[in-house]
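# Analysis of the macromolecular model
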Amino acid sequence: VQLQASGGGLVQAGGSLRLSCAASGRIFSNYDMGWFRQAPGKEREFVAAIAWSGGSIYYADSVKGRFTISRDNAKNTVYLQMNSLNPEDTAVYYCAAGFTRSLLSRSISAYDYWGQGTLVTVSS
């Protein structure tokens, strides 16, 4: 699976952005999808994940209620709608694909394919 993330940019605190991740190369609906982020000097961390069917969704506590993950299997695309952004959300955001499992995972190791990352900068 090849993944191409887009939609990052500079936004003021309180603003919104929508990230997209387009997949190609394999059957998209066979994969659970996740978003992770890595801030400068910090480890990569889980943000959100969605199962192949969209029937199961997880969020990190830090983004719950502000971010929404969704997918369109017909378009081979997963989205991350980010609202009420704050400077702590500044990071490179990565989309990732993992062959579907019985339980959706928050773990980096569960995802086999990664996009190149898109930078989100939130100014105060």
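Report on the accompanying structure. What you are looking at is a predicted structure, and each value in this text was computed from that prediction instead of being measured.

## Focus: the sheet that holds strand β3 (residues 17–24)
If you walk across this open sheet you meet the four strands as β1-β3-β8-β7, and the pairing is antiparallel. Of all strands in the sheet, those bounded by a partner on one side alone are β1 (2–6) and β7 (67–72). Going across the sheet, the axis of each strand differs from the next one's by a mean of 15°, ignoring polarity. Sheet topology note: the β1/β3 ladder contains five bridges and is antiparallel. Bridge pairing in β3 places Gln4 opposite Ala22.

## Quick notes on unusual backbone geometry
Although it is not a glycine, Asn76 adopts a positive phi angle of roughly 55°. Following the sequence through the fold, Asn76 ends up in the loop between β7 and β8 (77–82). The phi torsion at Ser84 lies on the positive side, around 50°, for a residue other than glycine. Along the chain, the position of Ser84 falls in the loop between β8 and β9 (91–99).

## Here's the deal with the side chain of Arg71
Tracing the sequence through the fold places Arg71 in strand β7. Asp32 provides the closest opposite charge to the buried, salt-bridge-free Arg71, at an N-O distance of 5.1 Å. Reaching out from Arg71, the side chain makes a polar contact with the backbone oxygen of Phe28 at a distance of 3.1 Å. Within the structure, the side chain of Arg71 is placed 3.5 Å from the backbone oxygen of Trp52, a separation counted as a polar contact. Excluding residues that lie within four positions of it along the chain, Arg71 makes contacts with Phe28, Ser29, Tyr31, Asp32, Met33, Ile50, Ala51, Trp52, Gly54, Thr77 and Val78.

## Quick notes on the packing of aromatic side chains
Summed over the entire model, instances satisfying the criterion amount to five aromatic pairs. Both rings, one in Tyr31 and one in Tyr113, keep their centres 6.0 Å apart while their planes meet at 80°; by these two values the pair is edge-to-face. Highlighted residues: Tyr31 in strand β4 (residues 31–38) and Tyr113 in strand β10 (residues 113–114), separated in sequence by 82 residues. By relative accessible area, which is 6% here, Tyr31 ends up buried. Geometrically, the ring pair formed by Phe36 and Trp114 is tilted, given 5.0 Å between the ring centres and 55° between the ring planes. Of this pair, Phe36 sits in strand β4 while Trp114 is found in strand β10, placing the two residues 78 residues apart along the sequence. Sitting above the plane of the Trp114 ring, Arg44 keeps its charged end 5.0 Å from the centroid.

## Looking at the nonpolar core
One finds Met33, Trp35, Leu80, Met82 and Tyr93 to be the most contacted residues of the largest nonpolar core, which totals 39 residues. Not counting residues within four places of it along the chain, the set of residues in contact with Met82 comprises Gly15, Ser16, Leu17, Leu19, Arg66, Phe67, Tyr93 and Val120.

Thresholds, definitions, all that
- Residue positions are counted from 1 within each chain, in the order its sequence is given.
- Only residues with pLDDT of at least 70 get local features here, since the model is predicted, and only at 80 or more are side-chain atom pairs given and counted; chain-wide, interface and lining totals rely on the full set of residues.
- The basis for every side-chain value is the complete set of non-hydrogen atoms in the structure, without hydrogens or water.
- Strand pairing is assigned whenever DSSP identifies at least 2 bridges connecting the two strands.
- A run of H or I in DSSP counts as a helix once it spans at least four residues, and a run of E counts as a strand once it spans at least two, with each numbered from the N terminus.
- Every axis in this analysis is a line fitted to C-alpha atoms, fitted for helices over the stretch in contact. Angles between the N-to-C directions lie between 0 and 180 degrees.
- The buried label goes to any residue with under 20% of its type's maximum accessible area, the exposed label to any with over 50%, and the partly exposed label to all in between, with areas taken from a 1.4 Å probe on protein chains only.
- This count recognises Lys and Arg as positive and Asp and Glu as negative, with His and chain-terminal groups excluded.
- Salt bridges are defined as contacts in which a side-chain nitrogen from Lys or Arg sits within 4 Å of a carboxyl oxygen from Asp or Glu.
- Throughout this description, a polar contact denotes any pair of N or O atoms lying within 3.5 Å of each other; where both atoms belong to protein, one of them has to be capable of donating a hydrogen while the other can accept it, and for residues adjacent in sequence the pair is counted only when both atoms sit in side chains.
- Contacts: residue pairs with any heavy atoms within 4.5 Å of one another.
- Only rings of Phe, Tyr and Trp enter the pairing, Trp through its six-membered ring, and a pair is recorded when the two centres are within 6.5 Å. The plane angle decides the type: under 30 degrees is stacked, over 60 is edge-to-face, the rest tilted.
- The rule is short: NZ of Lys or CZ of Arg within 6 Å of the ring centre and within 35 degrees of the ring normal puts a charge over the ring.
- Here the nonpolar core consists of buried residues drawn from Ala, Val, Leu, Ile, Met, Phe, Trp, Tyr and Cys, with membership extended through side-chain atoms lying within 4.5 Å.

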